[in-house]
Structure formats: C-alpha cells, structure tokens
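Results of the structural survey
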Amino acid sequence: MATSVSQGTSVDLSTLAAIERRVLWLAVRIVDYANRERPSGDALKVGGHQASSASMVTLMTALWLADLDARDRVSVKPHASPVMHALEYLLGRLDRSYLTRLRDFGGLQSYPSRSKDAFPVDYSTGSVGLGSAAPLLGALADRYVETHFGASTGGRFISLLGDAELDEGNLWEAVAEPLTRGLGNALWIVDLNRQSLDRVIPGIRAAELEAHFRTSGWDVIELKYGRRLRAAFAEDGGELLRRRIDEMPNEAYQALYGASADDVRGALLEPFEGAERESLAQLLDGADDVVALVRDLGGHDLEDVLDALRRARETADRPSVVFAYTIKGYGLEIAGRPQNHSALLTGAQIESFRLEVGLTPESEWDGFAPGSPEGELLEAARERLDRGERPAAATFAVPPSLTDRDPSAPISTQAAFGRVLLELSRVDEVGERLVTVSPDVAVSTNLGGFVNKAGVWAPAQQPVYDEMEDSPLKWRVGPTGQHVEMGIAEMNLVLLLGQLGLTWDYQRERLLPIGTVYDPFVMRALEGIVYSTYSGSRFVLVGTPSGISLSREGGAHQSISTPGIGIETPGLTYAEPCYARELEWLLLDALDRLQREDGESLYLRLSTKPIDQAPFARLVEDVGADLVRPAVVAGGFRLREARPAAEDRVVLATCGAMVPETLAAADALAEDEGVEATVIVLSSADRLFHEWQRSRTAPLRGEPSAPSHLERLVPASERELPVVTVIDGSSHALSWLGSALGTRCVPLGVDRFGQTGSQPEVYAEYGIDPASIVTAALVALEP
Ligand SMILES: Cc1ncc(C[n+]2csc(CCOP(=O)(O)OP(=O)(O)O)c2C)c(N)n1
Ligand SMILES: [Mg+2]
C-alpha cells in the first residue's frame, strides 16, 4: 500500500483517503442538516458552502492529519469552515452535538471565529483578504517576540485562501512589505478552483499571480496536474495535451466539467489540425476515461499535496505559496458548475452520497473506531496537534503616573504623546514590552524620540549608513529595536498591530503595542482595525493629527468621521484628550486594561494644536488629582463651573482641540451675554456613552441599574440646562448627550469636507469658533 513520509512518520495513503472521503461527507452534511432539517426559527435561508468546502477537503485533510503540529497556527478561508469542523470532530476536539449546529445560535459560526466559536480557532476569517494576510503579519510578530524574548511558537503561520481572494489588494500589500520577505515560517495555500462567487474567473491568471509572488521572493510551488495527467503528458501527443490545457481560458476549461466524453474530446482537439490533431486524438482514444483525465488536478492528489507541504516545510529562508489546482464542488454533483458557490445538494443527492460513503441515517455522524487504521491515524494526529496546558502570559504593572507636573508651555496632545512614550520606555518591565509601529509616519506622529532611544527593529543588525550622520534621527536598526517601521500601507500597519496584540495568546508573551497613523487614514485601515478587535487583539492606535485643526493641510487630510468610528467599534475605546496629563492618564489606564482578560484596545485621537495647560493645572490644584483622574478615565470631567445663582445657564460639552475655543466662548457668554456656562470635557465620549447606555439598559439584562458617570458629571441640578456640544469632527458624535441628559441640545462640529486656511478661519467657517459656540448657546437657551 502506498505510503507517504510526513512529519517523520509514514502515512498510509489509502487510510488518509478514507478519512478524506469522510471529511467531505461530514462537511457537506453539516451544511445540509442546517439547511434542510434543523428548524430555523425564521423565514430566512440558513446557507453555507458545500462547493467551496469540497474544493479544500484534500488539502485540509493532508495538512491537518499529516503535516501540521501543535506549534502551527492556521487561518482557514471563510467558506471552508465546515471542513475544519469535520476534521476537529474526527480528531475528537469538537463535540458531536455541534455538527448539527452550524449557523445556530450558540453553535458553530458561519466563518471561523476566534471569539465566538466553541473550539479553539487560530484565526478569524470572513472578510476575504484579511484573515489570510493576518498570519503573514503574525509570522512577523513571531519573529519580533523571538528576537526580544526568545518566545517564538516554533511553528508556521499558514493561510488557506480562495483564488478569487487574491483580488483583494491588501494581500499584495502584505506580500510587498519588505519586512515580510524572508519569513520562512509563513505558508499560503491557494485553493485554485478558478471560480469566485459569481462566475468562472476569466482568462488564465495563475501564471501572472505566481509571478507576483516570485518577484516578491516567495517560493512558489505549483500543484497543477494530478498523476494521471502527468502520465498522459509523457506519452506521444502528451505535449499537445498539456499545451491545450495550459492555454485554455478558465471558462473553456471549466465548461469541460459535466461535459460528455465526446464533448471533452472535441474541445481538446479543437485548435489542432493535421498530424498534431491525429497524435492528440490517438492519445485521447487510448485513455480509459477522458472526463476523469481532464479533472485530474494536483490539489486533489493526496500524495502530491503531501509532497508540496513537505517542500514548503523545508523552505526556511522565505515564505512559500502553494498554488493548488482544485475543483469547486469536488466529488459532488455540483462540481465545477459556474453558479455553485451557494448551491446545496438536494435531499436525494444527499441520500445517494450517504450510501456511496457506506453510511446510514443511524451511522452518518459517526467517526472512526479507535484501533481502526483511520482511528489510529487520527489518534496520532491528535497527539501531534495537542498544545497541552499553556501558561497564561504574564502581566506587567503600569505605573500610576509618570510625572506630577503639567507642562508649563503650551503643548499639543501629539507632542505630549511623544514625551509620555519616551518616559514610559524608561519604566522597568513595561518599557521593554512597548512596541511601536507606524506606516512611514513615525517622525510626523512624534514617535521620533522613542525611536531614537529604543531603535528600529529588524531581525538582524543593520549597518548605520553615513547619510544619517547629520540627521536628528539616530536610528539604530537591529533585533533589539522596539519600533517597527513599515511601508505606507495602513492595512499592513493595523494587521501587524493586531498580531502584536495577540502574542499573549500565540506565543504567551505579552506586548504593549502602539501604532500611529494620520487620523484620516484610520478609515483606510478600518476593516483591519475591526478584524483585529474582533480577533481579541489588544493595542493602542493613535490617530494623529486629526480634524480641521490641521488647518493648513486641507480637506484631504482633515478627518471628520473618526470619532463615530471609535465610538461604534466594539473592543476599542475612543478617547480624545486635550491636555498632556489627561492623555497620560488615559494611556496608562489603557496599558493596564489591555492586559486584562476582559480588556479592550484604545484609539487615541490627537492633534498638533498647541494647548495652554494652565486651565487643567488649575483644576488639578483646586480639586486634586485623586478626583480629576478617575473622572478623566471614566470619560469626562468638569473644567469650568457656572455660577449656580445665575439666571441663564448652559452646559458646554467638548473635547480635544476644541476645549480652548469652548472656554473662550464660556468667558464671552459670561461677559457679554450674562449667561453662565459649565464646561465639561469629554475625555472619552465613547466610555461615557457606553457606561450610561449600559446603566440605562441594565433592567433588560435583569441587572440593577447603578448611576453612571454621566450622572455624576452633570448632577441633577444641571440636568435640565440646555447643552451645546462642540467637537472637531462630525457633530453627530457628541449629539447623543442631549437625549442622555433629557434636554435641548445644539450639536456643533464639522459636517462638510474641510478646506485649507488658518485655524481661526476654518473654525469660523465650520461653526466651531468661540463666536459660533456663543450663538449656539443663545439658541439653546431660547424657550
Ligand atoms: C471582503 C469580502 N468581499 C466579498 C465577500 C463575499 N464573498 C465571499 S466568498 C467570495 C468569493 C470567493 O471566491 P474564492 O476566494 O475563489 O473562494 P471559493 O469559494 O472559490 O473557494 C465572495 C465575493 C467577502 N466574504 N469578503
Ligand atoms: Mg475560487
């Protein structure tokens, strides 16, 4: 019996093939049961992907059972999740009860999910391109923790992706990033079935795609023809057959599926004439089954797949990609059909498939008996894949504060961030866990000081080039560096940040990752941010500079909707401080929170506008840091008090760069209009809102509702007062405050694209200058 040596042990191929068949059955049946048998509870279709799963069954069976070990981490293309469920079940790592619970509430997730699935999933996938790029950046994060703490997983970071997924540009950004070159611990396997969701992919793109990888230094392994085709190529006329198949557009090749033997023969012979035609005709006439011959693809040949995996394993100096030619719907009636992406087998087709695999309605969910050849192969794989007990990553105590002084000169939040980071780098333990990442904007986002001190990271020491001599930047580049300098692609930045924020899980070594990006480009990176937080990653993202306060940079660089994004993204708290110490407290608190089991990430929205620190220093002096600090961290503090006796009173609520304008408006209201204003600063509108919202909705969850910070921030005596909200961003972000306080609210902010000008000019144009705030307060006061 044929065997293949893998992982130092030989795998019996016929046993592996028997399991492969069962995996196909189970994956298909898992989707089938969810759609045809389980009561759905609503009128919507349940869905699931039998054809996309079938396409990967050979690849995944070979990978799981004869190649992977406990150190490897794998990302599975979203539509092949049932294959993973079938394998995990056969390995005894997923309870049988889950097989009938695909897409059920509390059951198996539609697409692999780290946070929601009932069994350990290495990588979440779903949005094509992200889950498959993430492991490449995970391989990079692994190198980082290896060079710093000797904490590599020791394994590989593997992506299993669809061929149409390669349309997603972010994958190519990740491949092109110089830091991902040479990562021998990365492997991609492309399920090349020539079909996307809607159609057969036009043309023959594989050669072009493979060339892109080669140019970027990858080892490209092609698994194109199965052994029957290869044998046919070696015969007389075989070269013609190869040429014909190679040159045939995908649409024409795909049309051969489901065609009769005569039609297949006709299509293959079509371009040839004379002697060539005769030679190929002879070859085809001699073949036992032309239909099976043209379908003989490498991605469904277990032995070839194992050979390819072995070669990839041996390539340690650069990433590998396997182009595995497959058939979408392999082994099923829907194989290769153009519209099969969401097609489901009929009840009759399921019945005959069940018979074909030798199962009955009673035995259809069974695994293999212990002691059977299949059972033994599975047991060996289970042992190899067992990660055992892994200690939790250590946590690091963050100091309560770094300074007890406010800066005497005006300073922007962005500059203050740079200083705080530099001071943090000197703190024991915490300092060495810091890692910063920036997409070519380290200097312009004030990481320069930190980078000068901590150095730039590279896996090996780099020479210092002479031209750097006159530069204020003294960047040492080597394995002890703590700043990862990337190319401009913002998606790479946030995906790497996401992976650095998961080393507590993958390598059980905790990092405190901080990424900086120009705030408007948070939107370019947005899906990667969501991907990372959905994956349970913990990091600090700094968007700076932000808003129209970046006056001279004009509309293309002035962010508007990022506060709303921050408020609305789960797992990420948005904070927009104004003062240096406010920023320091928020950041220190975040570094503590991101280490907690139920922790979260922080998104800091900063600015380059120099801010006079005196109002905050006075507040701390008057009230005491021990009272101001918890309020800052809870999302808001009172900066200026209205005289309670005044007849006309308003509440002005603001944050970040708008605090000075709001204070000026409060003074003008008092002096010119006889109106007294309380100024509250929303250090984190996100935290303030969500805590208030949770307290309001507590009874829905059967919990008692405790007062929220908002009620402390605006006591009952002020709650009826009209409120004006002011933000350098979409006015909508703070406008909820009116309804939260149950009062009239005039929200000010930036609701049109920005433009170039001086700060006072643009503030006036967009209605967030002191005069506009005064007018808004008077409007709010009107009965
Ligand atoms: C970003 C994103 N866009 C669109 C989709 C919807 N979608 C899911 S699968 C798919 C096509 C998949 O084709 P391919 O990658 O070749 O996988 P196959 O099913 O052929 O294995 C599309 C467009 C998605 N999941 N994510
Ligand atoms: Mg495809």
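Above this text you will find the structure in question.
Attention here is on the structure that accompanies the text. Note that the coordinates shown come from a computational prediction; the quantities given were computed from them, not determined experimentally.

Focus on the overall build of the chain
When you go through the chain residue by residue, the secondary structure sums to 31 helices and 20 strands. Its C-alpha radius of gyration of 31 Å places the chain within 12% of the 28 Å reference for a compact globule of 783 residues. Principal-axis analysis of the C-alpha atoms gives the chain an extent of 100 × 70 × 55 Å. Buried positions account for 59% of the 783 residues belonging to the chain. For the chain, contacts bridging at least 24 residues in sequence account for 77% of all contacts bridging at least 6. Accessible area of the chain: about 30,500 Å², with a carbon and sulfur share of 51%.

Quick look at the sheet that holds strand β7 (residues 320–325)
Whether parallel or antiparallel, the strands of a sheet pair through hydrogen bonds between backbone atoms. Taken in spatial order, the five strands of this open sheet run β3-β4-β5-β7-β6, and their pairing is parallel. This sheet does not close on itself; its edge strands, each paired only once, are β3 (73–76) and β6 (219–223). Strand-to-strand twist across the sheet, computed as the mean angle between neighbouring axes with direction ignored, equals 15°. Note that β3 and strand β4 (residues 157–162) share four bridges and pair parallel. Considered in β4, the bridge of Val76 is made with Leu160. With respect to the sheet, helix α13 (residues 302–314) is in contact with β5 (186–192), β6 and β7, its orientation differing from that of β6 by roughly 175°.

Here we look at the environment of Gly742
Topologically, Gly742 is positioned in the loop between α29 (732–741) and β20 (745–748). Judged by relative accessible area, Gly742 falls into the exposed class, the value being 58%. A sequence separation of 23 residues divides Gly742 from Arg719, and the C-alpha atoms of the two residues are 7.3 Å apart.

Comments concerning helix α26 (residues 659–673)
Over its 15 residues, α26 runs 20 Å from end to end, which matches the ideal 21 Å to within 8%, given 1.5 Å per residue. For α26, every residue scored as buried is listed here: Val659, Glu661, Thr662, Leu663, Ala665, Ala666 and Leu669. With its phi angle positive at about 65°, Gly674 sits one or two positions after the end of α26.

What to know about α29
Buried residues dominate α29, accounting for seven of its ten residues. Every buried residue belonging to α29 is among Ala733, Leu734, Trp736, Leu737, Gly738, Ala740 and Leu741, and all of these are buried. Structurally, α29 contributes buried residues whose contacts are with α22 (562–568), β17 (648–654), α27 (685–696), α28 (709–713), β19 (723–726) and β20.

Conventions and cut-offs
- Residues numbered from 1 in each chain as written.
- Chains lettered and ligands numbered in written order.
- Predicted model: local features only at pLDDT ≥ 70, side-chain atom pairs only at ≥ 80, totals over all residues.
- Heavy atoms only, no water.
- Helix = DSSP H or I, 4+ residues; strand = E, 2+ residues; numbered from the N terminus.
- Rg over C-alpha atoms; globule rule 2.2 N^0.38 Å.
- Buried < 20%, exposed > 50% of the residue type's maximum accessible area, 1.4 Å probe, protein only.
- Contact = heavy atoms within 4.5 Å.
- Areas by Shrake-Rupley, 256 points an atom, 1.4 Å probe, with all protein chains shown as cover.
- Pairing = 2+ DSSP bridges.
- Axes fitted to C-alpha atoms, helices over the stretch in contact; angles between N-to-C directions.
- Expected span 1.5 Å × (residues − 1).

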